[in-house]
Amino acid sequence: MAETAKTLQLQVNGTGHDLSVDPHRTLLDILRSELGLKGPKYGCGMAQCGACTVLVDGAPARACVMRAGQVRGREVTTLEGLSDRETGALHPVQAGFVAEEGAQCGYCLNGMVMSAVALLRQEPQPDAARIRAALTHNLCRCGTHKEIIASVQHAARLMAAAKAQPATAPVPKTAKAHPA
């Protein structure tokens, strides 16, 4: 027997949400329909294309097949949650994709960015082969693969430079537009 709507507590982009929803609905549906977050996209609906990628406790996850009830007590981060809350500055990965023009149509961008964020948190200076391996499950139909690799490498340099700055130095602001 299917479970009916009940209060589901979700932690998304650092904010708690109490939603009256069926916990069997997909996380993607809840994020887009209930919370209005349009970064994660519906692509294939079978966890094959990566357009719906979010971070769950820092790891890439396919929101199109994950049930909302599976993220109780876990932190979900979407593309919208990456930018600096105080300044609106883009996350270095977002800034890298802007600087290197890493997206053409932009449909794969969410998955590429979210997967790259997870990669760079684990491995701050990956080589091109490692970047390709980390992004292998994110499909780009436009063929901007060279620019995507350059975007992640650019982000790695931005992150290394930010880490090397003294704690008292101001963090440089970047473009505020959110690539979606």
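Source: prediction; values computed, not measured.

Rules behind the numbers
- Residues numbered from 1 in each chain as written.
- Predicted model: local features only at pLDDT ≥ 70, side-chain atom pairs only at ≥ 80, totals over all residues.
- Heavy atoms only, no water.
- Pairing = 2+ DSSP bridges.
- Helix = DSSP H or I, 4+ residues; strand = E, 2+ residues; numbered from the N terminus.
- Axes fitted to C-alpha atoms, helices over the stretch in contact; angles between N-to-C directions.
- Buried < 20%, exposed > 50% of the residue type's maximum accessible area, 1.4 Å probe, protein only.
- Contact = heavy atoms within 4.5 Å.

S.K.: Which residues make up the sheet that holds strand β4 (residues 59-62), and what are the values?
M.R.: Reading across from one edge, β2-β1-β5-β3-β4 is the order of the five strands in this open sheet, with mixed pairing throughout. Every other strand in the sheet has two partners, leaving β2 (15-21) and β4 as the edge strands with one partner each. Averaged over neighbouring strand pairs, the angle between their axes works out to 40° when direction is ignored. Two elements, strand β1 (residues 6-12) and strand β5 (residues 75-77), share two bridges in a ladder whose sense is parallel.

S.K.: Can you lay out unusual backbone geometry for me, pointing to particular residues and giving the numbers?
M.R.: Of note in the backbone geometry, Asn-13 takes a positive phi value of approximately 55° without being a glycine. Mapped onto the elements of the fold, Asn-13 is located in the loop between β1 and β2. A positive phi is found at Ala-47, a non-glycine position, where the angle reads about 60°. Structurally, the position occupied by Ala-47 is in the loop between α1 (27-34) and β3 (53-56). Accessibility expressed as a relative area gives 26% for Ala-47, which makes it partly exposed.

S.K.: So what's going on with α1? Which residues, and what values?
M.R.: Regarding α1, the residues found buried are Leu-27, Leu-28, Ile-30 and Leu-31. Residues of α1 that are buried sit in contact with β1, β2, β3 and β5. Taken from the residues just after α1, Gly-36 is the one with a positive phi, measuring 70°.

S.K.: Explain the side chain of Asn-13 residue by residue, including any values.
M.R.: Classification of Asn-13 as buried rests on a relative accessible area of 14%. Not counting residues within four places of it along the chain, the set of residues in contact with Asn-13 comprises Leu-37, Glu-75, Val-76, Thr-77, Thr-78, Glu-80, Gly-81 and Arg-85.

Interpretation note: all reported values are geometric properties and have no functional meaning in isolation.
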